[in-house]
Amino acid sequence: MQMKVPPTALTAQLVAVLDRVGLGMTNAAIGAAMHLSVDTVKSHLRQVYDRLGTANRVQAFARAWQSGLLARSVPVGSPPAVTDEQTLILRIWAAGGTRADIARALEVRERAAELYEDAVLDVFNTRKRVVAVRRALEHQLIAPAGDTLAELTTPMAAESGQGRTQQHQMKERADASESVAAADCDPLDRAIAMLRSARGLVVHLGTLAGLPEVPSLAAVLAGSAPRGAMPTVVRLVHQALAHGVPCALVLPATAVDSDRAVEAVGLGAAWSCAVRQGAYDGPAAYLKAAHLLGTPADELVIVCTADQAPVAGDAGFHRILTTTSIVPGTGPRRTPRPELNALERQITELAAQGLSVAEIGRRVHAGEYLVQTRLTDLRRRAGAVDDAHLIARLITAEAIGTEQLLAELPEHAPELDQAGRAVAALICTGTLSEAGANGMGLSLRTARAVEGRVVRALSRRGSRTHAAAVAVLTGIVALPPSDSTQYLDPMRPVA
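Worth saying up front: this structure is predicted, and the values here are computed from it rather than measured.

Student: Help me understand the overall build of the protein chain in this model?
Tutor: Across its full length, the protein chain carries 27 helices and 6 strands. In the protein chain, which comprises 495 residues, the proportion classed as buried is 52%. Of the contacts made within the protein chain by residues no fewer than 6 positions apart, 70% connect residues no fewer than 24 positions apart. Accessible surface, the protein chain as shown: approximately 21,700 Å² in total, 52% of it carbon and sulfur.

Set out below in structure tokens:
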């Protein structure tokens, strides 16, 4: 619980130092502006930390702002658009969190967390965390009063990929409807409340991907779902079975070994039936599952990933819980389209053709270091994991020209089996990992083996990046506007 800060906690000079901290000034710059030595500035900041009970300058500024100790500045311009994950990062910073805390909350490695942090700083056009937090406070994008790292980085927060951001945003809506008001409760409790009035539960295999191994159903099902560290989707299935609600499993068209993902979370015996989606008719699988369960669409609860929510909606289902961060009344999170200059466009177009860094450098009359630096910067700006993921995103966003690529395509699109199409999708979405492979019903070792076969089939140059471009252009992989395939938890209701 956050300590209460009295109005007289800071002297005028300490407030002046802290206000300059919020402008992104260094200790040396603050000292020069206030005619103080750097050591005196550091001493003042230590006093601020002690009196406010904070760990660093970002948390100290946020707490002083929330406590009314600092003069509220008028925001400049319109509020920037931030995603739920970016809002969570801002709140973790304001709570004194580090990159390790962000990595834990988003369930990513620290290197990936660094990319997420860079994206937030880019939104606010700064390289200082405290400046980003200040601008977020000015525009009322965050209200971190009461936030603690324990709340923001709990297992439940890590599962959701956004902590309690969704609850806070919904709770702050002035026109809180009944569904929004229900967001104040625990996500599992909200989902269970929906399940109690249902006669069937349909779960998409993608929601089970990447979850930690848990005991078998027989070991944990004892009349009610265990809470503990059990993943939310698994707890919900247990709760459904405890209340006598039958469950069906929907398999994606590309799933090869679905038993692997199901057994990993101890749900091998949980399903009354399993239905595979057709390659071009995904909604039919949900309708067939409802038919096999003998349950009308309006009495069935669907649990799926965000990309499957509109598919289930097209089938006429309305009680949909999605495992990604969807704010009711809005669409899926979209990655901002990066603006490319002429050189960056030329580099990425050549990369899409499968040219090496050295070959690209010769074509654009630049050194290899410049080419590699530009590609690295573009991956950061586009939120891409690697060059293949970057090119797939740029082609989907129509940010680069594809005339040369289209001219070189074979007359007939390469044919891939189910495993090949699954791995091609993982390459294009930057999710060729243990979690991503399991979501497709593959082991990571098998996926890596199939990857080589896919690259050889799609790219005459044997280039992974070129293979991703060909997969997107030929329709082997169809990326939605937001191609970030997430296997996150807990469920979030779709409006």
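Student: What is the right way to look at the pattern of salt bridges in this model?
Tutor: A pair can form between side chains of opposite charge whenever their charged atoms are brought close. Counted by the stated rule, this structure contains 19 salt bridges. Across the pair R99 and E117 runs a salt bridge, and its minimum N-O distance is 2.5 Å. Here the residue R99 occupies a position in helix α6 (residues 99-106), and E117 occupies one in helix α7 (residues 110-123), the gap between them amounting to 18 residues. Owing to a relative accessible area of 2%, E117 belongs among the buried residues under this scheme. A cluster of three or more residues bridged by salt bridges with shared partners is formed by D118, D122, R127, E344, D377, R380 and R381.

Student: Honestly, the environment of A119 in this entry has me stumped. Any pointers?
Tutor: Note on placement: A119 falls in helix α7. The spacing of A119 and G383 is 264 residues in sequence and 7.5 Å in space, taken between C-alpha atoms.

Student: Honestly, the nonpolar core in this entry has me stumped. Any pointers?
Tutor: In summary, soluble globular proteins display a tendency toward joint burial of nonpolar side chains. Ranked by size, the top nonpolar core spans 47 residues in total, and within it I360 and L458 carry the most contacts. Elements supplying a minimum of two residues to this core: α19 (342-352), α20 (357-364), α21 (368-382), α22 (387-396), α24 (418-428), α26 (444-458) and α27 (464-473). The element that contributes the greatest number of residues to this core is α24, accounting for 8 residues. Setting aside anything within four residues of it in sequence, one finds I360 in contact with I347, L350, A351, L355 and V371. Formed by 44 residues, the second largest nonpolar core is a distinct cluster that contains L52, V58, L106 and I142.

Student: Got a minute to help me understand α24 in this structure?
Tutor: An α-helical turn contains 3.6 residues, so any two residues separated by three or four positions project in the same direction. For α24, the buried fraction is high: 9 of the 11 residues fall into the buried class. If you check which residues of α24 are buried, you get A419, G420, A422, V423, A424, A425, L426, I427 and C428. Following α24 by one or two positions, G430 has its phi on the positive side, about 65°.

Student: Even after reading the chapter, I still don't get unusual backbone geometry, so can you show me in this structure?
Tutor: Glycine aside, residues mostly have negative phi, and peptide bonds are mostly found in the trans state. In this model, H35 sits at a positive phi of 60°, which is unusual for a non-glycine residue. Summarising the element assignment, H35 is placed in the loop between α2 (27-34) and α3 (38-52). Even without a glycine there, the phi angle at H365 is positive, about 60°. In this structure H365 comes out as exposed when scored by relative accessible area, which is 75%.

Student: What is the right way to read α2 from this model?
Tutor: Listed in full, the buried residues belonging to α2 are N27, I30, G31 and M34. With its buried residues spanning 100° around the axis, α2 presents them on a single face. Packed against the buried residues of α2 are α1 (12-21), α3 and α4 (57-66). Following α2 by one or two positions, H35 has its phi on the positive side, about 60°.

Student: Explain the state of the cysteines here, please?
Tutor: A disulfide bridge is the covalent bond that connects two cysteines by way of their sulfur atoms. Evaluation of the coordinates by the stated rule reveals 0 disulfides. Between C247, a free cysteine, and C273, which holds the nearest cysteine sulfur, the sulfur-to-sulfur gap is 9.6 Å.

Student: I tried to follow the pairing of strand β3 (residues 273-276) on my own but got confused; where do I start?
Tutor: Along any regular strand, the residues point their side chains to alternate faces of the sheet. Side chains C273 and V275 of β3 all project onto a buried face; the interleaved residues A274 and R276 project onto a face where none is buried. Examined bridge by bridge, strand β2 (residues 247-251) and β3 share 4 bridges and lie parallel to one another. Note on β3: the bridge partner recorded for L249 is A274.

Student: Even after reading the chapter, I still don't get the side chain of Q353, so can you show me in this structure?
Tutor: Along the chain, Q353 turns up in the loop between α19 and α20. For Q353, a relative accessible area of 12% puts it in the buried group. Setting aside anything within four residues of it in sequence, one finds Q353 in contact with Q404, L405, R461 and H466.

The rules we used
- Residues numbered from 1 in each chain as written.
- Predicted model: local features only at pLDDT ≥ 70, side-chain atom pairs only at ≥ 80, totals over all residues.
- Heavy atoms only, no water.
- Helix = DSSP H or I, 4+ residues; strand = E, 2+ residues; numbered from the N terminus.
- Buried < 20%, exposed > 50% of the residue type's maximum accessible area, 1.4 Å probe, protein only.
- Contact = heavy atoms within 4.5 Å.
- Areas by Shrake-Rupley, 256 points an atom, 1.4 Å probe, with all protein chains shown as cover.
- Salt bridge = Lys/Arg side-chain N within 4 Å of Asp/Glu carboxyl O.
- Core = buried A, V, L, I, M, F, W, Y, C linked by side-chain atoms within 4.5 Å.
- Arc of directions from axis to C-beta.
- Disulfide = S-S within 2.5 Å.
- Pairing = 2+ DSSP bridges.

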